[in-house]
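Below, each chain spelled out in residue letters.
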Amino acid sequence: METLKDYLEGAYRIKRIPTYIADRCTERKSVGHVCQVCADICPQNIYPTGKRKRPIWDQCLKCGICSASCPARCITTPSRRVESFLMAAARKGRLTIACENEGSGAKLSETCIAAISWEQLAVAALREGVVISLRACGECSYDACKEVIEQNLSELRFFLGDEVFKERVTVLREGDEYEDSTGEEAISRRELFGFFNNLSVDTAFTMMPKVENARDNGLLFRAMLRDSVAQKAAETEAAARPKYAVKLPRFTEKCYNCGYCESACPNGTLKIVQGKDSFTVAVDVWKCTGCGLCKSRCRVDGISGIVPMRMSTLGKVAVAKLPNHICPMCGKPFSYETDKDHCRVCETKLRNEAVKKKREERKKKKEMEAAAAALAATEAEAAVETQEPAVAEAEEL
């Protein structure tokens, strides 16, 4: 029988170590943007810094902290970490998460809670709720991970909203107590490792999302969150569907469909759909990590910023519909900021043609003037020749 780990490594190509998708890294795709999150957070310093260009995977602990911390989600989570999360989240009741050093018997124990992204926490919160124990963090000396954990909690609160966060998320600090009331303690040991375990495996398999491309596996938990939101929406009437806060690019009227933002996006989030008189900018919300590369690549302030928006779906949505500004000569879009009637290329062509025409006119004028001067000289010579005999006759008289 195929195990969940085999399924992850086979169908989803999620490996035992993190996979670094270099061409999706924001630092590599941007100009002047410095991102060293993976290098700063890694406890083994395996990621490249300075002259070193490749990670040293032999030293990797497979903790998954880098993948949960990467702002562009260009690092996949190790298969063992994905499996443990799915198995824990599939069990009955709230998902309890704690550090391995705490020893509290939580359903999911990690080397560090920083290895669990806010998307994973959101998936668990939307299922039956999540309890996050930070009681052992006070004894930890690794401050970088503490910052990541607090950032993830902040992102989770932002996404869910204060009301849903208070209802479905419990954060335990030093001195707090929590009692799981799901009744799992009453299940016998045989049931726990027999039927109940098989049920958890089946549920874990059904939680796996569909991804279009193996390169999207860095966004696996975002795809899982997309499906969780869609399931919640299907269970709720349209008027009462909850909305979640996400960060998306805001397009302005200066956007003229140049396509720079579409090509700059590391995750292929943006798609420009061309119409007859207008064009539409569509965004795959679940793929957008809010990295801001689209804004930095825009040359005409067509994107005012990465702003929070509330969405009832994390699928593809239209964020802007703008009129076409097409060059009548070549048929390509061009900027509104110019006061010309054509794009720069065609304006240059027209200007060169005008200069060439003027040169030809000046050349033709000079040739005509030269021809006229030559004709006048010929006529003058002819007039002199006709007057010579008369002069000779006058001399004889």
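To start, this report covers the structure provided alongside it.

What counts and how
- Think of each chain on its own: its residues are numbered from 1, step by step along the sequence as written.
- With the structure being a predicted model, the display of local features is reserved for residues of pLDDT at least 70 and the display and counting of side-chain atom pairs for 80 or more, all residues being used for whole-chain, interface and lining totals.
- The basis for every side-chain value is the complete set of non-hydrogen atoms in the structure, without hydrogens or water.
- Here, a strand pair is defined by DSSP locating no fewer than two bridges between the strands.
- In this text, helices come from DSSP runs of H or I with a minimum length of four residues, and strands from runs of E with a minimum of two, each type numbered from the N-terminal end.
- Helix axes are fitted to C-alpha atoms over the stretch in contact, other axes to C-alpha atoms as well, and angles between N-to-C directions run from 0 to 180 degrees.
- For every residue, the accessible area (1.4 Å probe, protein chains only) is compared with the maximum for its type, and the residue is labelled buried under 20%, exposed over 50%, or partly exposed between those bounds.
- It only takes one pair of heavy atoms within 4.5 Å for two residues to be counted as in contact.
- The pocket and cavity definitions rest on a 1 Å grid over protein atoms only: a 1.4 Å probe that fits but cannot leave marks a cavity, an open set with protein on both sides within 12 Å along at least five of seven lines marks a pocket, and residues lining either have an atom within 4 Å of a point.
- Grid points are joined across faces, edges and corners, and a volume is the space filled by probe spheres set on the points.
- Ten residue types, Ala, Val, Leu, Ile, Met, Phe, Trp, Tyr, Cys and Pro, are classed as nonpolar, four, Asp, Glu, Lys and Arg, as charged, and the remainder, Gly among them, as polar.
- Residues adjacent in sequence count toward polar contacts only when both atoms are side-chain atoms; beyond that, a polar contact is any pair of N or O atoms within 3.5 Å, and within protein one must be able to donate a hydrogen and the other to accept it.
- Any helix carries an expected span of 1.5 Å times its number of residues minus one.
- What the arc describes is the spread of directions from the helix axis to the C-beta atoms.
- Each aromatic pair joins two rings of Phe, Tyr and Trp (for Trp, the six-membered one) with centres within 6.5 Å, and gets the label stacked for planes under 30 degrees apart, edge-to-face for over 60, and tilted for any other angle.
- In this scheme, roughly parallel covers angles under 35 degrees and roughly antiparallel covers those over 145, while 65 to 115 is roughly perpendicular and the rest are oblique.
- Helix crossings are classified by the rotation of the near helix relative to the far one: an anticlockwise turn of less than a right angle makes the crossing left-handed, while a clockwise turn makes it right-handed.
- Definition used for salt bridges: Asp or Glu carboxyl oxygen within 4 Å of a side-chain nitrogen of Lys or Arg.
- Remark: nonpolar core denotes a set of buried residues (Ala, Val, Leu, Ile, Met, Phe, Trp, Tyr, Cys) joined through side-chain atoms within 4.5 Å.

1. Things to note about the sheet that holds strand S9 (residues 316-323)
- In spatial order, the strands read S6-S7-S9; together these 3 strands make up an open sheet with antiparallel pairing. The open sheet has two edge strands with one neighbour each: strand S6 (270-274) and S9. The average angle at which neighbouring strand axes cross in this sheet is 25°, direction not considered.

2. Some remarks on the environment of Cys63
- Among the secondary structure elements, Cys63 is positioned in the loop between helix H3 (37-41) and helix H4 (65-69).
- Taking relative accessible area as the criterion, Cys63 reaches 12% and is therefore assigned buried.
- As for Cys63 and Ile116, which are separated by 53 residues in sequence, their C-alpha atoms are 9.7 Å apart.
- Apart from residues lying up to four places away in sequence, Cys63 is in contact with Pro43, Arg81 and Ala115.

3. Quick notes on the layout of surface pockets
- In this structure, the largest pocket spans a volume of roughly 550 Å³.
- Lining the largest pocket are 26 residues, with Pro71, Arg73, Trp118, Gln151 and Glu155 positioned closest to its centre.
- Sort the elements by how many residues they give to the lining of the largest pocket and helix H7 (residues 143-160) lands first, with 8 residues.
- When the residues that make up the lining of the largest pocket are grouped by side-chain class, the tally is 14 nonpolar, 5 polar and 7 charged.

4. Notes on the sheet that holds strand S2 (residues 108-110)
- Spatial strand order, S2-S1-S3-S4: 4 strands in an open sheet with parallel pairing. The open sheet has two edge strands, S2 and strand S4 (169-172), and neither has a second partner. Going from strand to strand, the sheet's axes swing by 15° on average, the running direction of each strand aside.
- One ladder, built from 4 bridges, connects strand S3 (residues 130-133) with S4; its direction is parallel. Along S4, the bridge assignment pairs Ser133 with Leu172.
- Docked against the sheet, helix H5 (residues 79-89) engages strand S1 (95-99) and S2, running at close to 155° with respect to S2.

5. Notes on the side chain of Arg81
- By secondary structure assignment, the location of Arg81 is in helix H5.
- A polar contact is formed between the side chain of Arg81 and the side chain of Thr111, at a distance of 3.1 Å.

6. Examining H7
- Its 18 residues place the ends of H7 26 Å apart at the C-alpha level, agreeing with the 26 Å of an ideal helix rising 1.5 Å per residue.
- Buried within H7 we find Cys145, Val148, Ile149, Asn152, Leu153, Glu155, Leu156, Phe159 and Leu160. Angularly, the buried residues of H7 cover 160° about the axis, an arc narrow enough to put them on a single face.
- Gly161 sits one or two positions beyond H7 and adopts a positive phi of about 95°.

7. Quick word on the packing of aromatic side chains
- All chains considered together, the criterion is met by 7 aromatic pairs.
- Measuring from centroid to centroid gives 5.6 Å for Tyr7 and Tyr12, while their planes differ by 70°, and the two rings are edge-to-face.
- Consider the rings of Trp118 and Phe159, whose centres lie 5.4 Å apart with planes at 50°: the pair is tilted. Here Phe159 lies in helix H7 and Trp118 lies in helix H6 (residues 118-127), a separation of 41 residues in the sequence. Summarising the burial analysis for this pair, Trp118 and Phe159 share the class buried.

8. Looking at the pairing of S6
- As paired elements, S6 and strand S7 (residues 278-284) share 5 bridges and run antiparallel to each other. Residue pairing in the sheet places Gln274 in a bridge with Phe279 of S7.
- Turn length for the S6-S7 hairpin, with the two strands adjacent in sequence and antiparallel, is 3 residues.

9. Overview of the packing of H6 against H7
- Contact geometry of H6 with H7 gives a least axis separation of 9 Å together with a crossing angle of 45°. By the angle class used here, H6 and H7 are oblique. As H6 runs across H7, the sense of the crossing is right-handed. Seen from H6, the contacting residues are Trp118, Leu121, Ala122, Ala125 and Leu126; seen from H7, they are Asn152, Leu153, Glu155, Leu156, Phe159 and Leu160.

10. A few points about H5
- Here H5 lies mainly inside the structure; 8 of its 11 residues are buried.
- Within H5, burial applies to Ser79, Arg81, Val82, Phe85, Leu86, Met87, Ala88 and Ala89.

11. Looking at the pattern of salt bridges
- By the definition in use, this model includes 10 salt bridges.
- Residue Glu9 is joined to Arg16 by a salt bridge in which the shortest nitrogen-to-oxygen separation is 3.4 Å.
- Among the residues examined, Glu9 registers a relative accessible area of 22% and is labelled partly exposed.
- With its nearest N and O atoms 3.6 Å apart, the salt bridge here joins Glu155 to Lys247. Of this pair, Glu155 sits in helix H7 while Lys247 is found in strand S5 (residues 244-251), placing the two residues 92 residues apart along the sequence.
- Owing to a relative accessible area of 18%, Glu155 belongs among the buried residues under this scheme.
- Overlapping salt bridges bring together Arg73, Glu119 and Arg222 as one network.

12. Comments concerning the nonpolar core
- Ranked by internal contacts, the top residues of the largest apolar core, which has 76 residues, are Phe85, Leu86, Leu95, Val130, Phe159, Leu160 and Leu225.
- Those residues within four positions of Leu160 in sequence are excluded, and the remaining contacts are Ala125, Leu126, Phe165, Val169, Tyr244 and Arg310.
- Counting residues in each nonpolar core, the second largest holds 13 residues, with Cys25, Ala39, Cys42 and Cys70 among its members.

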